[in-house]
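Commentary on secondary and tertiary structure
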Amino acid sequence: MHDDRQLAEARLDRVLRERVRPAVYGRAVPLDVQVWHAPGEPVPFEYAVRQDYRPARIGEAWGPPWGTSWFRLSGRVPPEWAGETVEAVIDIGFVIERTGFLCEALAYTADGRPVKGINPRNAWLPVAAPAAGGEDVFFWVEAAANPIIHPIGVPTPLGDKETAGTAPLYRLLRMDLAVLDREVWELVQDMEVLDQLMHQLGAHEPRRHEILRALERALDVLDPLDVGSTAAEARARLAGVLAAPAQASAHRISAVGHAHIDSAWLWPLRETVRKVARTTANVTHLMDAEPGFRFAMSQAQQLAWLKEHHPAVYERVKRFVAGGQFVPTGGMWVEPDTNMPGGEAMARQFVHGKRFYAEEFGIETVDVWLPDSFGYSAALPQIIKLSGSRWFLTQKISWNQTNRFPHHTFWWEGIDGTRIFTHFPPVDTYNAELSAEELAHASRNYAEKGRGTRSLVPFGWGDGGGGPTREMVARARRTADLEGSPQVRMETPVEFFEAAAAEYPDPPVWVGELYLELHRGTYTSQARTKQGNRRSEHLLREAELWSATAAVAGLAGYPYDELDRLWKRVLLNQFHDILPGSSIAWVHREAEAAYAEIGAELEEIIQQAQQALAGRGERPVVFNGSPYARGGVPAFGATRAPEADASTTVMTIADGEFVMDNGLLRVTVDGDGLITSLRDLTAGREVLPPGARGNLLQLHKDLPISWDAWDVEGYYRNTVTDLVAAEEVAADDATAVRVVRAFGSSRVRQTLRLLPGARRLDIETEVDWGERERILKAAFPIDVRADRSAAEIQYGHVYRPAHANTSWDAAKFEICAHRWLHVGEPGYGVAVVNDSTYGHDVTRRPTPGGGTATTVRLSLLRAPRFPDPQTDQGMHRFRYAIAPGAAIGDAVREGYDLNLPPRTVRGAHGVRPLVSLEGEGVVVEAVKLADDRSGDLVVRLYECLGGRASVRLSCAVPVAETIETDLLERPLAGGRRPAAPDDELRLRPFEIVTLRLRRG
């Protein structure tokens, strides 16, 4: 038989494109359009509708970047349309390929009730079904002129309202009343599903040819000049192939409606508030028509915005939550980055997220939904379990640049041994359309064939695209049981996980972090945002500690509301495009302002609590918020300022060298301002390899392949400029050497300080940064043979290879660490600690005398030009230190010490610690009052060394009962429930324990 497939397929393509799709709205009349352009930021409905409107016409330009225009649409349904389904069809200038990344709108009724969003793939409004004929039609439309900030990598001024200009971006293309021909619409869905499925089948498969011939028969009976009257007969020719059931072994797909909405990215936070309203209006409208449709929405913050700004839509959401169609999921305040937030912040993401869902909807979420974050900390499994959650979903690992992740359904084991049932959807997208190509890819790609049979597909247009559409739901119905296709069921995440776990109880185990082999530059981009996060986390810790201490003593009230609000602001800015530094300039400008406000408010809370504790007086009282005693001040306590340390640092200067010696360390700085010797006097050991110099600033070219703010590529190491020339090297005092350098368009001022009694060398660095597409690193060569490094993460640390034996090892050429990174060999180690840096790299090189040495580098600054052309330009201040002879426990202590400096207030007396710990290897991470305002004291601690530990916790006030709880401060099933707080408490490696102390 002759092969005419190409001819038949081309025929179908043309008829669909030119005749069938246009016939969906075959009859239309224009609406009357009037417009008012808001002069500044968005305004409420009540304000907008009182303004003076003027006539507008199709083709008219509107919308300066980030502007808002309100359109008043009116018309009348023609009498001859009685009995028809009538809709308003709106096109405000859409570019169909940029769904979710350009203009969008929300429509309101005449009295201000939100109707639904208007998006490129969802550009219709309901009018009448059926129409009586003669009805008056009226809508208000709030249209947002969000600029298209693309293509990726091209610098643009559009990312900030201050630089974006005022030229209109869009033109009105359509504002019509139209008749929706339901039969033609259904024909389009039939043809598209079959056409797509056909192209996923091999030419050797009979099913492909059956579909093609059925489509031919449908085209034969379809009149291209009268599609509407022949659509039903054409559909009848397709009924048989659409009714053929799927194979018994067909892959099973749980289709979960979703709309991934970045809480900020290529738009500011205020625009996300509106994107959420448009999307939730769309999906709740769709739920009315499609009772089988299920929609999962993560990020409690977004629902909180909806409640505040669009209460009418929020009430619709609550109605469908109660009915089980709208499914809050994820359990976190936002979808955060999980590499850089501290342990308490990760815990509070769940505390605030799950509590919001419980209080607002009466539900307990049990799944964690993080499809788009840039890698996943090995601390997460335990945090997830302690939050009361059971399952984890991610998608981003499919973006790996080097290695293909081997599993799609697996146990994920964290640093403490906790395992979480995890799914990684093989569809490789979290914005699916339920196309046949996507469904076939999910089936072909699924790694667990022969063991598991099912996967999850999140479907819907995200980031302002409007979410799932009625067309997607139609595809789901048609592929529920269709030969040649996976079987598709619209389900909730919980329904998927329950079924997947039941059929596959013993999946493979992945141990440790889910490292994303991409987007490694996010550990460094937008340094001020990262510094604000780190500082805010530690200020929150102190505010809770000192406020709880003062409240328990009866000296002050506990600022529950203030701390709740401030935590939520910090958690919001940990969103996975804010904290990683991958958003437009507007977002980071607002984040920096937010951190300044948060810092000022927390400083005031801390100062008031400490003043109440110290009493009235003029004696200096030193407060220690670190979990370790220091300088004679106990952990979590305060003492009158101790006598000056008897030890001293001696500075000698000779032959252009500066030598600082405090009896523990001797540091030599040469005329270039570089460290030529760092001698551990206690161990009698030189830390630097022969001929090496430390604190060497190095500059690399930094132009990734595409994702500028996101990526650092391995080839950046091919060229390097060592910054050795110094304008000034001088002694500041007996404890410090000052070094000033200039290079390119930048200037650096450093102070190398060796304090009396210190076992570390502190380096304060101030950079006036003016480089473009460069990365600045600070290098410390260390004379230890280390084949791995230890890096602090939440509630513990992970080991990563310092070599490149395998492709998995080589891919980790840039790594994330929190307050410290440690390298060592048996018997000796060195820690590098910091106050705001996350990006690091660790390499090895041979030494002249044999063996290998290890170099640790901190990534201080980058200068990508997209999406913010001015990334990190200007002044920065960092503090980091190198601690010779440090074991892991020393690294932990020095990290806290650097990030929680002592505070001095004027007062009358010291303060006894509210809680204290007896034993080694355990750190108290949080001390606070219970969130339920019962007055109970909550203490969270963790094992920090990776071994077994036994400790005793004591409290400064009588305790009637001690209860072990989950992160939400609820009694933990199977918890220890010690009878008294000072009973021995045993912890396994890296275990997190939360104790609730009921005061007697």
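Please refer to the structure higher up on the page.
Reading the values: the criteria
- Along every chain, residues carry numbers that run from 1 in the direction the sequence is written.
- Confidence filtering applies because this is a predicted model: local features only for residues at pLDDT of at least 70, side-chain atom pairs given and counted only at 80 or more, and all residues used for totals across whole chains, interfaces and linings.
- By convention in this description, side-chain values take in all heavy atoms of the structure and omit both hydrogens and water.
- Here, any two strands with at least 2 DSSP bridges between them count as paired.
- Runs of E in the DSSP output that reach at least two residues are strands. Runs of H or I that reach at least four are helices, and both are numbered from the N terminus.
- Note on aromatic pairs: the rings of Phe, Tyr and Trp (six-membered ring only in Trp) are paired at centre separations within 6.5 Å, and the planes decide the class, stacked below 30 degrees, edge-to-face beyond 60, tilted for the rest.
- Only protein chains enter the calculation, and the probe is 1.4 Å; a residue is then buried if its accessible area is under 20% of its type maximum, exposed if over 50%, and partly exposed in between.
- In this analysis, axes come from line fits to C-alpha atoms, helices being fitted only over the stretch in contact, and the angle between any two N-to-C directions falls in the range 0 to 180 degrees.
- Angles below 35 degrees are treated as roughly parallel, those above 145 as roughly antiparallel, those between 65 and 115 as roughly perpendicular, and all remaining angles as oblique.
- Left-handed describes a crossing in which the near helix is turned anticlockwise from the far one by less than a right angle; the clockwise case is right-handed.
- By definition, residues are in contact when any of their heavy atoms lie within 4.5 Å.
- Asp, Glu, Lys and Arg are counted as charged, while Ala, Val, Leu, Ile, Met, Phe, Trp, Tyr, Cys and Pro are counted as nonpolar; the rest, among them Gly, fall into the polar class.
- Each salt bridge in this description consists of a side-chain nitrogen of Lys or Arg and a carboxyl oxygen of Asp or Glu lying within 4 Å of one another.
- Two N or O atoms form a polar contact when they lie within 3.5 Å of each other; inside protein one atom must be a possible hydrogen donor and the other a possible acceptor, and for residues adjacent in sequence the pair counts only when both atoms belong to side chains.
- Side-chain atoms within 4.5 Å are what join buried Ala, Val, Leu, Ile, Met, Phe, Trp, Tyr and Cys residues into a set we call a nonpolar core.

On to the sheet that holds strand β26 (residues 657-661), then. The 5 strands lie next to each other as β25-β26-β27-β28-β29, forming an open sheet whose pairing is antiparallel. Each edge of the sheet is formed by a strand with only one pairing partner; in this case those strands are β25 (650-654) and β29 (685-686). Alignment of strand β28 (residues 675-680) against β29, held across 2 bridges, turns out to be antiparallel. Residue pairing in the sheet places R679 in a bridge with E686 of β29.

With that out of the way, let us pick up the packing of aromatic side chains. Counted according to the given criterion, the structure contains 41 aromatic pairs. Geometrically, the ring pair formed by F405 and F424 is edge-to-face, given 6.0 Å between the ring centres and 70° between the ring planes. Within this pair, whereas F405 is found in the loop between β17 (391-393) and β18 (409-413), its partner F424 is found in the loop between β19 (419-423) and α11 (436-445), the two being separated by 19 residues in sequence. As far as the burial class goes, F405 and F424 line up, both buried. Ring centres 5.0 Å apart and planes at 85° place the aromatic pair W546 and F623 in the edge-to-face group. Of this pair, W546 sits in helix α14 (residues 527-552) while F623 sits in strand β23 (residues 619-623); the two residues are 77 residues apart in sequence, bridging distant segments of the chain. Looking at F623, the relative accessible area reads 1%, which means it is buried.

Within strand β10 (residues 136-145), 8 of the 10 residues are buried, leaving the element largely enclosed by the surrounding structure. Pairing of strand β7 (residues 104-108) with β10 involves 5 bridges; the strand directions are antiparallel. Paired with Y108 across the strands is W140, a residue of β10.

With that out of the way, let us pick up the packing of helix α1 (residues 5-20) against helix α4 (residues 206-221). Interhelical geometry of α1 versus α4 gives an angle of 50° and a closest axis separation of 10 Å. Here α1 lies oblique to α4, going by the angle between them. Crossing angle aside, the handedness with which α1 passes α4 is left-handed. The segment α1 lies against α4, with R5, A8, E9, R11, L12 and V15 engaging R208, H209, L212, L215, E216, L219 and D220. Partitioned by chemical class, the residues of the contact of α1 with α4 number 6 nonpolar, 1 polar and 6 charged.

Evaluated as defined, the whole model comprises 89 salt bridges. D220 is the partner of R11 in a salt bridge, and the nearest nitrogen-oxygen pair spans 2.9 Å. Taken together, the positions of R11 in helix α1 and D220 in helix α4 put the pair 209 residues apart, joining distant regions of the chain. Owing to a relative accessible area of 32%, R11 belongs among the partly exposed residues under this scheme. Judged by its relative accessible area of 55%, D220 falls in the exposed class. Among the ionic pairs, K275 bridges to E104, the shortest N-O distance being 2.6 Å. Of this pair, K275 sits in helix α6 (residues 269-289) while E104 is found in strand β7, placing the two residues 171 residues apart along the sequence. Like E104, K275 is buried. Bridged by salt links that share partners, the residues E41, E104, E142, K161, R270, E271, R274, K275 and R278 form one connected network.

This paragraph deals with the environment of E491. Looking at the secondary structure, you find E491 in the loop between β21 (487-490) and α13 (493-503). Its relative accessible area of 19% is what places E491 among the buried residues. The spacing of E491 and S254 is 237 residues in sequence and 5.5 Å in space, taken between C-alpha atoms.

As for its placement among the helices and strands, T549 is situated in helix α14. In terms of polar contacts, T549 uses its side chain to reach the backbone carbonyl oxygen of L545, at 2.8 Å. When residues no more than four places from it in sequence are discounted, the contact partners of T549 are L613, V911 and L914.

All right, on to the sheet that holds strand β36 (residues 774-782) then. Strand pairing in a sheet is mediated by backbone hydrogen bonds. Such pairs are either parallel or antiparallel. Pairing is antiparallel in the open sheet, where 6 strands are placed in the order β31-β30-β36-β43-β42-β39. Each edge of the open sheet is held by one strand with a lone partner, namely β31 (721-723) and β39 (815-816). Note that strand β42 (residues 839-846) and strand β43 (residues 852-862) share 7 bridges and pair antiparallel. Each bridged residue has a counterpart across the sheet, and for H840 the counterpart in β43 is L858.

Attention now moves to unusual backbone geometry. In this model, A129 is joined to P130 through a cis peptide bond whose omega is 5°. Its place among the elements puts P130 in the loop between β9 (124-128) and β10. Cis geometry marks the peptide bond from F866 to P867, where omega comes out at 5°. In this structure, P867 sits in the loop between β43 and β44 (874-884). Residue Q299 is not a glycine yet carries a positive backbone phi of 70°. In this fold, Q299 is placed in the loop between β14 (295-297) and α7 (300-309).

Judged by nonpolar contacts, the single largest core of 173 residues is most densely connected at L303, F326 and L937. Within the second largest apolar cluster, 49 residues are counted, among which are V669, L752, I815 and L858.

Extensive coverage of helix α12 (residues 470-478) is indicated by the burial of 8 of its 9 residues. Here α12 has its buried residues at R470, E471, M472, V473, A474, R475, A476 and R478.

What follows is about the side chain of D762. Inspection of the secondary structure assignment puts D762 in strand β35 (residues 761-769). In this structure D762 comes out as buried when scored by relative accessible area, which is 3%. For D762, the side chain forms a polar contact with the side chain of R879, separated by 2.8 Å.

Between α7 and helix α8 (residues 311-322), the least distance of the axes is 6 Å, while the angle of their chain directions is 125°. By the angle between their axes, α7 is oblique relative to α8. Note on element contacts: α8 touches α7 through P311, V313, Y314 and V317, opposite L303, L306, K307, E308 and H309. Grouping the constituent residues of the contact of α7 with α8 by class yields 6 nonpolar, 1 polar and 2 charged.

Here N834 lies in strand β41 (residues 828-834). N834 gets classed as buried once you look at its relative accessible area, which sits at 0%. Spatially, the C-alpha atom of N834 lies 7.9 Å from that of H818, the residues being 16 residues apart in sequence. Excluding anything up to four places from it in sequence, N834 contacts R534, H818, R819, W820, H840, L858, R879, Y880, L898 and N899. Looking at N834, its side chain comes within polar contact range of the main-chain nitrogen of T837, at 2.8 Å.

In terms of burial, strand β48 (residues 937-943) is a largely internal element, 7 of the 7 residues being buried. Judged by which residues are buried, β48 turns out to be covered on both faces: L937, V939, L941 and E943 on one side and V938, R940 and Y942 on the other are all buried. With 6 bridges joining them, β48 and strand β52 (residues 992-999) adopt antiparallel strand pairing. From the neighbouring strand, V939 faces β52, where its bridge partner is L995.

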